[in-house]
Amino acid sequence: MTAKRILFIGGTGIISSESVSRALDAGHDVSVLNRGTTGIRSLPDGARSIVADITDPDATRSALDAAGGDFDVVADFLSFTPEHVQANVDRFDGRVGQYVFISSASAYQKPPARLPVIESTPLRNPHWQYSRDKIACEDLLVAAYREREFPATIVRPSHTYDRTLLPTLGQWTDVARMRAGKPVVVHGDGTTQWTLTHSRDFAVAFVGLLGHPAAVGDVFHITGDHAPTWDQIYRWIGAAAGVEPELVHVASDTIAAVEPSWAGGLLGDRTHSMVFDNSKVKALVPEFRTTVTFDRGAEEIIDWYDAHPERQIVDEEADAVFERLLALPRS
């Protein structure tokens, strides 16, 4: 594929950072627009930094104009509401060959009426405002494509992770509990399947869609084909941490009642088996496949945390929630 001039809005997050690196490796001219703050993931050599707050239209306009203005592709990782998307449609209309919006597979019908989930599975999530906002963003882009030929592509990742992200409810708190010999709460009965996609695998499919003419006006989920059960996920984390965890199953509704702030992501996503058919994206990017299964992913995560003890933060509030849940009567 011919090298493209690509702008990443975001570019240093769990999902986007690997895509930036892969786009550079593919020979693209890559710019990254963000606030210029560096955290765990710094920009790789070769990426051009454009510093601006995307929510400040004047600062963004000036920064983009100084960088040359027009791009073949804009990949937007930082829009979460229709207002964000509308601003970018107005900003890039007529100035971009493809605008790629990062939506979410959590937007799919909950619970799904049938598996595997495909791109035409209905979008409806009554449990999580985040997902409903993403649906509204998609609706806006579909209308812009139909009415104005705005060159939108919609991508729906599911649970994408890298070495810094534990997928469990308590994250590092769960590992700390495992290593202390304390029981760990698993939502539901532990048998629902959950698709986990390593960011390196995600990047293969994502970058393959950038500048692809057949992707414009269409929607793709990028989720991988690896869907272990939640019990298996927790056990792989325990094995990587060098322990055999004691798993205690608690109904998702009960967890949400005890800690309402967890309800959206739990009842609106993790509670349900989510298995995906990735045939559509593979048709355009045939090299995409799952190369990192979570048994290996868990080892990467624990190795990283063990090498960074300052990141081993126990969330005392989450730990207290787990203790309250464990104190409830069990049937």
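The coordinates are above.
Bear in mind that the values here come from a model prediction, so they are computed numbers and not experimental data.

**Observations concerning the environment of Leu165**
Here is step 1 of the chain: Here Leu165 shows up in the loop between β7 (159–161) and α5 (172–179).
Here is step 2 of the chain: Placed 153 residues apart in sequence, Leu165 and Ala318 show a C-alpha to C-alpha distance of 16 Å.
Here is step 3 of the chain: Setting aside anything within four residues of it in sequence, one finds Leu165 in contact with Ile14, His159, Thr160, Gln171 and Ile301.

**Digging into the environment of Ser106**
Here is step 1 of the chain: Checked against the element boundaries, Ser106 lands in the loop between β5 (96–102) and α4 (129–148).
Here is step 2 of the chain: Among the polar contacts listed, one links the side chain of Ser106 to the side chain of Ser131, at a separation of 2.7 Å.

**Description of the packing of α5 against helix α7 (residues 230–241)**
Here is step 1 of the chain: Put simply, α5 and α7 touch, their axes get as near as 10 Å, and they point 60° apart. It follows from the interaxial angle that α5 and α7 lie oblique. Between α5 and α7 lies a crossing whose hand is right-handed. Each of Asp174, Val175, Met178 and Arg179 in α5 lies in contact with α7, whose residues at this interface are Tyr234, Ile237, Gly238 and Ala241.
Here is step 2 of the chain: Of the residues in the contact of α5 with α7, the class split is 5 nonpolar, 1 polar and 2 charged.

**So, helix α6 (residues 199–209)**
Here is step 1 of the chain: Counting buried residues along α6, 10 of its 11 residues qualify, which places the element largely inside the surrounding structure.
Here is step 2 of the chain: Among all positions of α6, only Ser199, Asp201, Phe202, Ala203, Val204, Ala205, Phe206, Val207, Gly208 and Leu209 are buried.
Here is step 3 of the chain: Positioned one or two residues after α6, Gly211 has a phi angle of 80°, which is positive.

**Observations concerning the packing of helix α3 (residues 82–92) against α4**
Here is step 1 of the chain: Close contact between α3 and α4 brings their axes to 8 Å; oriented N to C, the two are set at 25°. One element, α3, and the other, α4, form an angle in the roughly parallel class. In terms of crossing hand, the pair formed by α3 and α4 is right-handed. On the side of α3, the interface is formed by Pro82, Val85, Gln86, Val89 and Asp90, while α4 contributes Asp133, Ala136, Cys137, Leu140, Leu141, Ala144 and Arg148.
Here is step 2 of the chain: Across the contact of α3 with α4, the residue classes break down as 8 nonpolar, 1 polar and 3 charged.

Cut-off values and rules
- Residue numbering note: each chain is counted from 1, following its sequence as written.
- This being a predicted model, a pLDDT of at least 70 is required before a residue's local features are given, and a value of 80 or more before pairs of side-chain atoms are given or counted; all residues contribute to the totals for chains, interfaces and linings.
- Excluding hydrogens and water, the side-chain values take into account all heavy atoms of the structure.
- Strands are runs of DSSP state E lasting at least two residues, helices are runs of H or I lasting at least four, and both sets are numbered from the N terminus onward.
- We call two residues in contact when some of their heavy atoms are within 4.5 Å.
- A 3.5 Å cut-off defines polar contacts: any pair of N or O atoms within that distance qualifies, except that in protein one atom must be a possible hydrogen donor and the other a possible acceptor, and neighbouring residues in sequence count only when both atoms are side-chain atoms.
- Working convention: axes come from line fits to C-alpha atoms, limited for helices to the stretch in contact. Angles between N-to-C directions cover 0 to 180 degrees.
- Small angles under 35 degrees read as roughly parallel and large ones over 145 as roughly antiparallel, with 65 to 115 read as roughly perpendicular and the rest as oblique.
- Crossing handedness: left-handed means the near helix sits turned counterclockwise from the far one by under a right angle, and right-handed means the same turn made clockwise.
- For this classification, Asp, Glu, Lys and Arg are treated as charged, while Ala, Val, Leu, Ile, Met, Phe, Trp, Tyr, Cys and Pro are nonpolar and the rest, including Gly, are polar.
- Throughout, exposure labels follow a simple rule: accessible area from a 1.4 Å probe, protein chains only, divided by the maximum for the residue type, with under 20% read as buried, over 50% as exposed, and the rest as partly exposed.

Spatial relationships are all this shows, so hold off on functional conclusions.
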